[in-house]
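# Overview (structure and organization)
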Amino acid sequence: MGRLVPAVTRALDILELFLDGDGTLSAPDIVRKLQLPRTTVHELVTTLAARSYITPVPGQPGRYRLGVRPYQLGSRYSEQLDLAAEGQQVARSVAETCDETVHVAILEGTDVIYIAKVDSTHAVRMVSAAGRRLPAHCTSVGKMLLASLSEPELTSRIPDDADLVRMTPNSITEPAALREALTEIRARGIAVESRESNPDVSCVAAPVRDRTGQVVAALSISVPMIRWSDERRGELEQLAAKGAGELSERLGHRSVG
């Protein structure tokens, strides 16, 4: 790694300050937060404003907010993102941590489609493949994605009189029971599937968000029942949430707090 350029580092430090608070700053704010000389801050602020990285706040003399250039750069970054490729990288990292099968899936109609998958190295593991389609209500990723829908969207996809397919004896087949489960998932922020799509496997899943905060996918960890326990479930819920959070960050999402 080459030597860092102090002036560039300071300019980037200034830009990153705008991510916090109400998104506006004055030169004295920057001096105080970064402990930089006033002359240095004045020069950097003047340069950033001249290049449209920051812009004066109308009606608030001396205060600045992010300009159009960071938005343009962020938009170009978003255009280059590939959810499947990013998901595969994060899934691999999560799988290396827990040595269980990890999926990333999206919602299409009332089904989920797996767009990324990394296998466990255990001899006993879940058998699946990227591109596979399953009923959303039978999977942890699917229930997580259904829980993210608005009530009108959910009703349009799964009406109250919908006939839900049963994949195992544990599958939810009544829309009312599914809605009750989705309410709990929304409250917890984690979805759990207990042998609902495969009689020998349980799963946990967490939501993946894009830069707007919208849920666009879910990441799950699948575990054969011979390695499943309440303690293990708790560990995997935390790991799934961490992995989903990392993938969300790659997609431009920034969590608050």
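Look above for the structure.
In this report, the structure presented in the accompanying data block is examined. (Residues numbered from 1 in each chain as written. Predicted model: local features only at pLDDT ≥ 70, side-chain atom pairs only at ≥ 80, totals over all residues. Heavy atoms only, no water.)

Here the focus is helix H8 (residues 175-188). The terminal C-alpha atoms of H8, which comprises 14 residues, lie 20 Å apart, in line with the 20 Å expected from a rise of 1.5 Å per residue. Where H8 is concerned, the buried positions are Pro175, Leu178, Arg179, Ala181, Leu182 and Ile185. Considered in projection along H8, the buried side chains sweep an arc of 165° and stay on one side of the axis. Exposed and facing more than 90 degrees away from the buried side of H8 are Ala176, Glu180, Glu184 and Ala187. Residues of H8 that are buried make contact with helix H6 (140-147), helix H7 (151-157) and strand S7 (191-194). Where H8 terminates, the next one or two residues include Gly189, which has phi positive at roughly 80°. (Helix = DSSP H or I, 4+ residues; strand = E, 2+ residues; numbered from the N terminus. Expected span 1.5 Å × (residues − 1). Buried < 20%, exposed > 50% of the residue type's maximum accessible area, 1.4 Å probe, protein only. Arc of directions from axis to C-beta. Contact = heavy atoms within 4.5 Å.)

Moving on: the sheet that holds strand S4 (residues 101-108). Spatially, six strands are ordered S6-S5-S4-S9-S8-S7 in an open sheet, and the strand pairing comes out antiparallel. Either end of the sheet is taken by a strand with one partner, and the two such strands are strand S6 (133-135) and S7. Adjacent strand axes in the sheet meet at a mean angle of 30°, parallel and antiparallel pairs treated alike. Of the pairings in the sheet, the one linking strand S5 (residues 111-118) to S6 comprises three bridges and is antiparallel in character. Within S6, the position partnered with Val112 by the bridge is Leu134. The sheet contacts of H6 involve S4, S5, S7, strand S8 (201-209) and strand S9 (215-224), and relative to S9 the element is tilted by about 150°. Relative to the sheet, helix H9 (residues 230-250) contacts S4, S7, S8 and S9, its axis offset from that of S8 by approximately 30°. (Pairing = 2+ DSSP bridges. Axes fitted to C-alpha atoms, helices over the stretch in contact; angles between N-to-C directions.)

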